[in-house]
Amino acid sequence: KGIPAELRTLVVVPTMLASTSGIDSLIEALEVRFLANRDTHLHFALLTDYCDADTASLAEDEPLLQLARQKIEGLNEKYRIVEGDIFFLFHRPRCFNPADKKWMGYERKRGKLAEMNGLLRGTATDRFQLVVGDTAVLAGVKYVITLDPDTLLARDSAWQFVGAMAHPLN
């Protein structure tokens, strides 16, 4: 019968905003994962940083971020539901890493996931430069499924993952 409300789940894809074609591919893959795993209590998010740089910002940053925003908003319009948004974008700014002498996303993938979990728990609400999507529905998220950008989410596999995590022996 699907994922119950008390087991609401967020599928996140930590990645970098590097090019317009890359963003198109990320959005298409997110939509395919959704179409193979449609459920009222399953949501999908891109968890993004800019690529490493010698400065805090580059001229191409803002157009890439706005394209990602536009594409996520487009998915939410295309697949509108009553309970809130399905698709989200969480984007972090670069910060200076003195060891590498570069501007980059703090702790890259691990940092993104830690800050996402903090946001879900209400303790890291200021870590993201841009949040796209109505996050009110995410207050009830019980599980997070993390996928690499090139990882598929086979048809109906999300509810099987949730079922395994929710099993009393787990």
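Anything mentioned here points back to the structure above.
A few points on the structure. Quantities reported herein were computed from a predicted structural model and do not represent experimental measurements. (Residues numbered from 1 in each chain as written. Predicted model: local features only at pLDDT ≥ 70, side-chain atom pairs only at ≥ 80, totals over all residues. Heavy atoms only, no water.)

## A few points about the overall build of the protein
Thought 1: Counting secondary structure elements, the protein contains 4 helices and 7 strands.
Thought 2: The order of helices and strands in the protein, counted from the N terminus, is β-α-β-α-β-β-β-α-β-β-α.
Thought 3: For 170 residues, the compact-globule estimate of 2.2 N^0.38 gives 15 Å, and the C-alpha radius of gyration of the protein, at 16 Å, lies within 12% of that figure.
Thought 4: Judged by the C-alpha coordinates and their principal axes, the protein covers about 50 × 35 × 25 Å.
Thought 5: Across the 170 residues of the protein, 43% fall into the buried class.
Thought 6: Carbon together with sulfur atoms contributes 53% to the accessible area of the protein, which is approximately 9100 Å² in total.
Thought 7: Charged side chains of the protein number 20 positive and 23 negative; the gap between the two group centres comes to 4 Å. (Helix = DSSP H or I, 4+ residues; strand = E, 2+ residues; numbered from the N terminus. Rg over C-alpha atoms; globule rule 2.2 N^0.38 Å. Buried < 20%, exposed > 50% of the residue type's maximum accessible area, 1.4 Å probe, protein only. Areas by Shrake-Rupley, 256 points an atom, 1.4 Å probe, with all protein chains shown as cover. Lys, Arg positive; Asp, Glu negative; His and termini not counted. Charge placed at Lys NZ, Arg CZ, Asp CG, Glu CD.)

## Overview of the pairing of strand β7 (residues 143-146)
Thought 1: In β7, alternate side chains face the same way, and those of Tyr143 and Ile145 are buried while those of Val144 and Thr146 on the opposite face are not.
Thought 2: In this sheet, β7 lies alongside strand β1 (residues 9-17) in parallel orientation, the contact comprising 4 bridges. When the sheet's bridge partners are listed, Thr9 is paired in β7 with Tyr143. (Pairing = 2+ DSSP bridges.)

## What about the side chain of Arg94?
Thought 1: Relative to the helices and strands, Arg94 resides in the loop between β3 (87-91) and β4 (95-97).
Thought 2: Only 2.5 Å separates the side chain of Arg94 from the side chain of Asp61, close enough to count as a polar contact.
Thought 3: In contact with Arg94, not counting residues within four places along its chain, are Tyr50, Cys51, Asp52, Ala53, Thr55, Ala56, Ser57, Leu58, Asp61, Trp103, Met104 and Gly105. (Polar contact = N/O pair within 3.5 Å; in protein donor to acceptor, adjacent residues only side chain to side chain. Contact = heavy atoms within 4.5 Å.)

## Quick notes on the nonpolar core
Thought 1: Among the nonpolar cores identified, the biggest contains 32 residues, and Phe44, Leu46, Ile72, Phe87 and Leu89 are the most heavily contacted of them.
Thought 2: With 6 residues, helix α2 (residues 61-78) is the largest single contributor of residues to this core.
Thought 3: The residues contacting Leu46, other than those within four sequence positions of it, are Val13, Thr15, Leu26, Ile27, Leu30, Ile72, Phe88, Leu89 and Phe90. (Core = buried A, V, L, I, M, F, W, Y, C linked by side-chain atoms within 4.5 Å.)

## Topic: helix α3 (residues 108-121)
Thought 1: Along its 14 residues, α3 runs 20 Å from first to last C-alpha, staying within 8% of the 20 Å computed at 1.5 Å per residue.
Thought 2: Buried residues along α3 sit in contact with β1, β2 (42-50), β3 and β7.
Thought 3: Where α3 ends, the next residue or the one after it, Gly122, has phi of about 85°, a positive value. (Expected span 1.5 Å × (residues − 1).)

## Comments concerning the pattern of salt bridges
Thought 1: One pass over the structure, following the stated rule, counts 15 salt bridges.
Thought 2: We note a salt bridge from Asp24 to Lys71, for which the minimum N-O separation is 3.2 Å. In this pair, Asp24 is assigned in helix α1 (residues 20-36) and Lys71 in helix α2, connecting sequence segments 47 residues apart.
Thought 3: On the basis of relative accessibility, which here comes to 36%, the residue Asp24 falls in the partly exposed class.
Thought 4: Notably, a salt bridge pairs Glu77 with Arg80, separated by 2.9 Å at the nearest N-O pair.
Thought 5: Assessed through its relative accessible area of 47%, Arg80 is described here as partly exposed.
Thought 6: Here the residues in one salt-bridge network are Asp49, Arg92, Lys112 and Glu115, joined through shared partners. (Salt bridge = Lys/Arg side-chain N within 4 Å of Asp/Glu carboxyl O.)

## Some details on the sheet that holds β3
Thought 1: What the 5 strands build is an open sheet, ordered β6-β3-β2-β1-β7; its pairing is mixed. Unpaired on one side and paired on the other, β6 (130-132) and β7 mark the two borders of the sheet. Going from strand to strand, the sheet's axes swing by 20° on average, the running direction of each strand aside.
Thought 2: Here β1 pairs with β2 via 9 bridges, running parallel. Across the sheet, the residue bridging to Val13 is Leu46, located in β2.
Thought 3: Across the sheet, α1 is in contact with β1, β2 and β3; its angle to β2 comes to roughly 165°.
Thought 4: Where helix α4 (residues 157-166) meets the sheet, its contacts fall on β1, β2 and β7, and the angle it forms with β7 comes to roughly 130°. (Axes fitted to C-alpha atoms, helices over the stretch in contact; angles between N-to-C directions.)

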